[in-house]
Amino acid sequence: MHHRLPWSRFLLLAALPLFGGCVAAVVGGAAVGASAAHDRRDVGTYVDDKRLSLGVHDAFNRDKELALRNDVRIVVYNGVILLAGEVHTDELKARAERLVSGFEGTRRIVNELAVQEPEGFWSRRRDNTISLHVKTALLDLTSLEGFDPTRVNVTTAHRVVYLMGKVTREEDEAVTGIARDVSGVDKVVKVFEYVD
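Within each chain, residue numbers correspond to sequence positions counted from 1 in written order. At least 70 in pLDDT is required for a residue's local features to be given in this predicted model, at least 80 for side-chain atom pairs to be given and counted, and no such filter applies to totals for whole chains, interfaces and linings, which use all residues. Water and hydrogen atoms play no part in the side-chain values, which are based on all heavy atoms of the structure.

Engineer: Before we go on, may I ask you to explain the environment of glycine 184 in this structure?
Structural biologist: Mapped onto the fold, glycine 184 is located in the loop between helix 6 (169-180) and strand 8 (187-194). For the exposure calls, accessible area comes from a 1.4 Å probe over protein chains only, and a residue counts as buried if that area is under 20% of its type's maximum, exposed if over 50%, partly exposed in between. You can call glycine 184 partly exposed: its relative accessible area is 35%. With 25 residues separating them along the chain, glycine 184 and arginine 159 place their C-alpha atoms 6.5 Å apart. Residues in contact with glycine 184, not counting those within four places in the same chain, are Ile130 and Arg159. Elements are defined by DSSP. Helices are runs of H or I of four residues or more, strands are runs of E of two residues or more, and each kind is numbered from the N terminus. Throughout, a residue-residue contact means that at least one pair of heavy atoms, one from each residue, lies within 4.5 Å.

Written out as C-alpha cells, the structure is:
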C-alpha cells in the first residue's frame, strides 16, 4: 500500500537542499534544524539569524574593496552581528559597520575590527586552528551537567577568540577559562547573552 505524499510536504522536502545543510529532518511536516537541535534560540530566531546572515554577507560582499582587500569575519547570533578581523583604515571599519546596519532583526552590532594590515593566509589558518582547538577543548567540559558545546560559537581573528551564544553565568565562566588556556590565544572577548 503506497501513501501519497501531500504537496505541502513534497514542496518542503524539495526545498531542503536550498537550506545549505541546516535542515536535517522533517518531522510531522515541520522542519527541524540539525544545528538548531541543541540551540537555546527558538526555531524562529534561528531562522531569522540565518536570513539576517545571508543578507548581511550579501551586502558586505558587494563592496569589493572591503570584501577582497581586508579580512573581515561576520557572525550573526540571536540578532547580534559580530564584525571581527582586520581592515586597513578607520574609514573602512566604519564603512563595514554601515554596510551591515539597518537589517531587520538586528539587535546590536559589535564592531571588533582592528585597524591594521590584514595578516594574510597563514595567520587566518592559525586563527582557524585556534578556533578548532577551543571547540575541541569545550568537548571535555563535563563538569557542567547538561552543557552542550555546540551552543557556543567560537570565532578567532588575530589570535583573539570571540565567544557568542546563550549561556548561563556558570557556563560563561567555564567556557571562558577553557578558551583562555588554549595555546596561541592572546585574548578572549565574550559576546554572550545570559539565560539566567
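After that view of the structure, there is still more to cover.
Engineer: I would appreciate a short explanation of the packing of aromatic side chains in the present structure.
Structural biologist: Centre-to-centre distance and the angle between the planes together describe a pair of aromatic rings. Each Phe, Tyr or Trp ring, with Trp reduced to its six-membered ring, pairs with another whose centre is within 6.5 Å; inter-plane angles below 30 degrees give stacked pairs, above 60 give edge-to-face pairs, and intermediate values give tilted ones. What the rule picks out here adds up to one aromatic pair. Summarising the aromatic geometry, the rings of phenylalanine 121 and tryptophan 122 are spaced 4.8 Å apart at their centres and angled 80 degrees between planes, so their arrangement reads as edge-to-face. Here, a charge over a ring is recorded when the distance from Lys NZ or Arg CZ to the ring centre is within 6 Å and its angle to the ring normal is within 35 degrees. Positioned above the aromatic ring of tyrosine 194 is the side chain of arginine 169, whose terminal nitrogen or guanidinium carbon lies 3.9 Å from the ring centre.

Engineer: It is not clear to me how the pattern of salt bridges should be interpreted in this structure. Could you clarify?
Structural biologist: Opposite charge on two side chains permits them to pair, given that their charged atoms come into close proximity. Take a side-chain nitrogen of Lys or Arg and a carboxyl oxygen of Asp or Glu: if they are within 4 Å of each other, that pair is a salt bridge. Within the structure shown, the criterion is met by 17 salt bridges. Across the salt bridge formed by arginine 98 and glutamate 91, the nearest N and O atoms sit 3.6 Å from each other. Residue classification places arginine 98 among the exposed positions, given a relative accessible area of 53%. Within the structure, one salt-bridge network assembled from shared partners comprises Asp71, Arg73, Glu119, Arg126, Asp127, Arg159 and Asp186.

Engineer: How should the environment of leucine 66 be read in this particular structure?
Structural biologist: You can see leucine 66 is positioned in helix 3 (residues 64-69). On the basis of relative accessible area, leucine 66 is assigned to the buried category, the value being 0%. For the pair leucine 66 and lysine 93, spaced 27 residues apart in sequence, the C-alpha separation works out to 9.1 Å.

Engineer: How should the sheet that holds strand 5 (residues 108-115) be read in this particular structure?
Structural biologist: Within a sheet, neighbouring strands are paired by backbone hydrogen bonds and run either parallel or antiparallel to one another. Think of it this way: DSSP has to see at least two bridges between two strands before they count as a pair. Strand order in the open sheet made by the three strands is 3-4-5, with mixed pairing throughout. A strand with exactly one partner marks an edge of an open sheet, and here the two such strands are strand 3 (71-77) and strand 5. Here the average twist between neighbouring strands, direction ignored, is 10 degrees. Pairing between strand 4 (residues 80-87) and strand 5: eight bridges, direction parallel. For glycine 85, the partnering residue across the bridge sits in strand 5 and is leucine 113. With respect to the sheet, helix 2 (residues 43-61) is in contact with strand 3 and strand 4, its orientation differing from that of strand 3 by roughly 160 degrees. All axes are obtained by fitting lines to C-alpha atoms, using only the stretch in contact for helices, and the reported angles, taken between N-to-C directions, cover 0 to 180 degrees.

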